[in-house]
Amino acid sequence: SYTIIVSGSVTDPVTIYLDGVTLTDSSITSNSSAELTVNVLSDSSISSTSANAIEAAGALTITSGTGSSLTLSSTEKHAIKADSVTVDSAVTLDLTSEAKDGINATTAVTIKNATVNITATDDGIQVEDETDVNSGDLTITDSTVTINATDKGITVTDELTVEGNSKVTAVAGDEGLEGRYINL
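Rules used throughout
- Residues numbered from 1 in each chain as written.
- Predicted model: local features only at pLDDT ≥ 70, side-chain atom pairs only at ≥ 80, totals over all residues.
- Heavy atoms only, no water.
- Core = buried A, V, L, I, M, F, W, Y, C linked by side-chain atoms within 4.5 Å.
- Buried < 20%, exposed > 50% of the residue type's maximum accessible area, 1.4 Å probe, protein only.
- Contact = heavy atoms within 4.5 Å.
- Pairing = 2+ DSSP bridges.
- Helix = DSSP H or I, 4+ residues; strand = E, 2+ residues; numbered from the N terminus.
- Salt bridge = Lys/Arg side-chain N within 4 Å of Asp/Glu carboxyl O.

Draft legend 1. Just the nonpolar core, in detail. Residues Leu72, Ile111, Ile125 and Leu138 are the most contacted members of the largest nonpolar core, which totals 42 residues. Not counting residues up to four positions away in its chain, the partners in contact with Leu138 are Val109, Ile111, Ile125, Val127, Ile154, Val156, Glu159, Leu160 and Thr161.

Draft legend 2. Spatial organisation of the sheet that holds strand β6 (residues 44–48). Taken in spatial order, the seven strands make up an open sheet running β3-β6-β8-β10-β12-β15-β18, and their pairing is parallel. At either margin of the open sheet sits one strand with a lone partner, and together these are β3 (22–23) and β18 (167–172). Two strands pair when backbone bridges link them, and strand β8 (residues 69–74) and strand β10 (residues 92–97) are joined in this way by six bridges, in the parallel orientation. Bridging across to β10, Ser74 finds its partner in Ser97.

Draft legend 3. Local environment of the pattern of salt bridges. Per the stated rule, a full pass over the model turns up two salt bridges. Taking the shortest distance from any N to any O, the salt bridge between Glu178 and Lys152 comes out at 3.0 Å. Taken together, the positions of Glu178 in strand β19 (residues 177–178) and Lys152 in the loop between β15 (144–149) and β16 (154–156) put the pair 26 residues apart, joining distant regions of the chain. Given the relative accessible area of 18%, Lys152 is considered buried. Residue Asp158 pairs with Arg180 through a salt bridge whose shortest N-O separation is 2.7 Å. Of the two residues, Asp158 is situated in the loop between β16 and β17 (159–163) and Arg180 in the loop between β19 and β20 (181–183); the sequence distance between them amounts to 22 residues. Exposure remark for Arg180: the relative accessible area of 39% places this residue in the partly exposed category.

Any functional reading would require information beyond the geometric quantities listed.
Shown next, in the form of structure tokens:
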């Protein structure tokens, strides 16, 4: 098992390249408020039995210039947890959380030109900022998002926007889509 940790004292953006990596009972954690980018060069996976598969105190970007896939799973926590999350550049993201949310963010989630598949015991995507009513947004652009969640499919505290050539499918035990403003 491995834990890749970015120290809280790091102030410059950090990029981690995954090239055919399979990490079991492992995680990536950034305690820094600097942006963390995970660039998927070829299909990779990270599974965790005790932590969020990827966690960032600041912004997290997951990208792939090669159209590769990243599979993330957690049996005890979220697949992804960060202040904000950006998924773009033809990456395919397969997320499983057996205990919590697929994606859990505070301020924003942006999914652009990507495919995201989520299976979660709690919410598929939760973007919740309890300190700012105008924060907590989700924007999906030219992407395919498929969610199977026991609780809510997508829940945001402010605005959910689906635009361009996007397809969103949410199968949920509670609300499929929840937000202050929903723009489809």
